[in-house]
Amino acid sequence: MGAVKVILDGGMGRELQRRGAPFRQPEWSALALSEAPQAVEDVHAAYIASGANVITSNSYAVVPFHIGEARFTAEGQALAALAGELARRAVQASGKAVRVAGSLPPLFGSYRPDLFDANRASELLAPLVNGLAPHIDLWLAETQSSTVEARTIHAGLPKDGKPFWLSFTLKDEDTDEVPRLRSGEPVADAAAVAAELGVEVLLFNCSQPEVIGAAIDAARGTFERLGVKIHIGAYANAFPPQPKEATANDGLDPLREDLDPPGYLQWAADWQKRGASHLGGCCGIGPEHIAVLAQNLG
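A quick note: this is a predicted structure, and the numbers were derived from the prediction, not measured. (Residues numbered from 1 in each chain as written. Predicted model: local features only at pLDDT ≥ 70, side-chain atom pairs only at ≥ 80, totals over all residues. Heavy atoms only, no water.)

This part is about the packing of helix H3 (residues 37-50) against helix H5 (residues 69-94). At a closest axis distance of 9 Å, the pairing of H3 and H5 adopts a crossing angle of 50 degrees. When the axes of H3 and H5 are compared, the pair comes out oblique. Here the hand of the crossing between H3 and H5 comes out right-handed. In contact with Pro37, Val40, Glu41, His44, Ala45 and Ile48 of H3, H5 contributes Leu86, Ala87, Arg89, Ala90, Val91 and Ser94. Partitioning the contact of H3 with H5 into residue classes produces eight nonpolar, two polar and two charged. (Axes fitted to C-alpha atoms, helices over the stretch in contact; angles between N-to-C directions. Helix = DSSP H or I, 4+ residues; strand = E, 2+ residues; numbered from the N terminus. Parallel < 35°, antiparallel > 145°, perpendicular 65-115°, else oblique. Left-handed = near helix turned anticlockwise from the far one by under 90°. Contact = heavy atoms within 4.5 Å. Nonpolar A, V, L, I, M, F, W, Y, C, P; charged D, E, K, R; others polar.)

Structure, rendered in structure tokens:
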């Protein structure tokens, strides 16, 4: 399939924790924004040095689910702006042609399509978009569990001409032969929605590596059937399977020992063969993993 076009970065929260930055639940990666912003910039810099040519703003946990309603109301937009600014600063310091993706997370909790509240979505999305907009090159709605989440975020984006990337998280327990989002919707249906929304890249993230290959196949087949040219990508996590009642701030999950950099590379090389052109890592995948991807696939 040729070289991977884009090397993404890896996880932010686990890397902050590993470096000794302020880190606790439920704030997760948002805590370092206010208490140790230099640590956030340093993690971005490490991913750029490892070969990432797209880095993602540390805005994933800037939602009430993680920082609480009162703090989000008071500081949400400012924290999102800081997240974008720190990523941009790391790019400028590197002197490299690296793009910044503005992370737009699940607004009501990761892996929980059942918690989605359409009536409040725009109220939570607007501060993130407004804070990030001056600093980013593209929009990335990530870890989306359902197509309604994805549609809602797309509807709240400004008409600024910036590319829209969409990343779904997949069922990685109680699976059947059909690759599915955590909502149970088939990936093929989700890919058709992505095409309808005009996404530039459709990705799969924060899931077990084992379920991603079939999702890439399903997306590729849908795009071929529709006659659309949409890039496909993936960035898995290093967690054991996440049950459907999981929430992102239950505690720290253990990391799989088999997903060291060489082990993760084997999965990424398989995704590349299936047609993925944008590859990186999610929770527990660090700069050393990204360096191996960049050296072997980029």
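There is more to say after this.
Here H3 is 14 residues long and its end C-alpha atoms lie 20 Å apart, about the 20 Å a rise of 1.5 Å per residue gives. Here H3 has its buried residues at Ala39, Val40, Glu41, Val43, His44, Ala46, Tyr47, Ile48 and Ser50. On the buried face of H3, the contacting elements are helix H1 (13-18), helix H2 (31-35), strand E2 (54-56), H5 and helix H11 (287-297). Positive backbone phi, at 115 degrees, marks glycine 51, one or two positions downstream of H3. (Expected span 1.5 Å × (residues − 1). Buried < 20%, exposed > 50% of the residue type's maximum accessible area, 1.4 Å probe, protein only.)

Moving on: the nonpolar core. Note that soluble globular proteins tend to have their nonpolar side chains buried in a common cluster. Of all hydrophobic cores here, the largest spans 88 residues; its most connected members are Ile55, Leu104, Phe164, Leu166, Leu202, Phe204 and Trp271. Of all the elements, H5 adds the most residues to this core, at eight residues. Once residues lying within four places of it in the same chain are set aside, the contact partners of phenylalanine 204 are Ser167, Phe168, Leu170, Val187, Ile212, Ala215, Ile216, Ala219, Ile232, Gly233, Ala234 and Tyr235. The next biggest cluster of nonpolar side chains, apart from the first, holds 15 residues, and it includes Val54, Tyr111, Val201 and Leu203. (Core = buried A, V, L, I, M, F, W, Y, C linked by side-chain atoms within 4.5 Å.)

Turning our attention to the packing of aromatic side chains. Here the structure, examined in full by the defined rule, presents three aromatic pairs. For the pair phenylalanine 23 and tryptophan 28, a centre-to-centre distance of 5.1 Å together with 55 degrees between the ring planes defines the contact as tilted. In this structure, phenylalanine 23 and tryptophan 28 share a single accessibility class: buried. When the centroid spacing of 5.8 Å and the interplanar angle of 80 degrees are considered together, the rings of tyrosine 264 and tryptophan 271 count as edge-to-face. Residue classification places tryptophan 271 among the buried positions, given a relative accessible area of 0%. (Phe/Tyr/Trp six-rings, centres within 6.5 Å; stacked < 30°, edge-to-face > 60°.)

All right, on to unusual backbone geometry then. In this model, glutamine 25 is joined to proline 26 through a cis peptide bond whose omega is 5 degrees. Looking at where proline 26 falls in the secondary structure, it is placed in the loop between H1 and H2. The backbone of tryptophan 28 shows a phi angle near 60 degrees, a positive value even though the residue is not glycine. Topologically, tryptophan 28 is positioned in the loop between H1 and H2. In this structure tryptophan 28 comes out as buried when scored by relative accessible area, which is 11%. Despite not being glycine, tyrosine 111 has its phi angle at roughly 70 degrees, a positive value. For tyrosine 111, the location among the structural elements is in the loop between strand E3 (99-104) and helix H6 (118-132).

Before going further, it helps to examine the pairing of E3. Burial runs high along E3: five of the six residues are buried. Direction of pairing for E2 relative to E3: parallel, over a ladder of three bridges. In the sheet register, valine 54 faces E3, and the bridge partner there is arginine 99. As paired elements, E3 and strand E4 (residues 138-144) share four bridges and run parallel to each other. Bridge pairing in E4 links serine 103 to leucine 140. Running through H6, the crossover from E3 to the neighbouring parallel element E4 is right-handed. (Pairing = 2+ DSSP bridges. Right-handed = clockwise from strand over helix to strand, strands pointing away.)

Under the defined criterion, the tally for this structure stands at zero disulfides. Not part of a disulfide, cysteine 206 finds its nearest cysteine sulfur in cysteine 282, a span of 3.8 Å. You can call cysteine 206 buried: its relative accessible area is 3%. Residue cysteine 282 is classed as buried on the basis of its relative accessible area of 10%. (Disulfide = S-S within 2.5 Å.)

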